[in-house]
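# Working through the structure, step by step
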Amino acid sequence: MIPSWRKVPGWLTDGPDGRWRDVELLKREAARVPAGQAIVEIGSWCGQTALLLRESARPDVPVICFDPYPDDAIEGNAGISQSEARVTFARIIAEWRQS
């Protein structure tokens, strides 16, 4: 089972701060991608949006993510560095593979 995007550090929220519109837009657009096409995310940080896209897309639509930014390019608002974000993302994927 894929872990919920809500448990991953990032900028998305489905709370009352207004970003729920971003969440709903991403869910809606991911669900519209037809079989034979893919969703590509550039800049995954900890993988929050990647998990939201995977959760929302059809099972036969691959979600391809990569993060081309160097370690010192981004410091996230969750208070962790890019290096720590990569470790967090790797841990989440490892936990998912074991479940």
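Below or above, wherever it landed, is the structure these notes cover. (Residues numbered from 1 in each chain as written. Predicted model: local features only at pLDDT ≥ 70, side-chain atom pairs only at ≥ 80, totals over all residues. Heavy atoms only, no water.)

## Some points on the nonpolar core
Ranked by size, the top nonpolar core spans nine residues in total: Trp-5, Val-8, Leu-12, Val-23, Trp-45, Cys-46, Leu-51, Leu-52 and Ile-92. Core analysis: the second largest hydrophobic core is formed by six residues, Ala-30, Val-33, Ile-39 and Ala-57 among them. (Core = buried A, V, L, I, M, F, W, Y, C linked by side-chain atoms within 4.5 Å. Buried < 20%, exposed > 50% of the residue type's maximum accessible area, 1.4 Å probe, protein only.)

## Looking at a nonpolar patch on the surface
On the surface, a nonpolar cluster with roughly 370 Å² of combined accessible area is contributed by Val-40, Ile-42, Ile-64 and Phe-66. Position of Ile-42 among the secondary structure elements: in strand S1 (residues 39-42). (Patch = residues over 30% accessible without salt bridge, like charges linked within 9 Å, V, L, I, M, F, W, Y side chains within 5 Å. Areas by Shrake-Rupley, 256 points an atom, 1.4 Å probe, with all protein chains shown as cover. Salt bridge = Lys/Arg side-chain N within 4 Å of Asp/Glu carboxyl O. Helix = DSSP H or I, 4+ residues; strand = E, 2+ residues; numbered from the N terminus.)

## Things to note about the environment of Arg-6
Tracing the sequence through the fold places Arg-6 in the segment before helix H1 (20-32). With a relative accessible area of 44%, Arg-6 lands in the partly exposed category. A C-alpha to C-alpha distance of 8.9 Å links Arg-6 and Leu-51, two positions 45 residues apart in sequence.

## A closer look at the side chain of Ser-56
Residue position: Ser-56 is located in helix H2 (residues 48-56). Aside from chain neighbours lying at most four places away, what touches Ser-56 is Lys-27, Ala-30 and Ala-31. (Contact = heavy atoms within 4.5 Å.)

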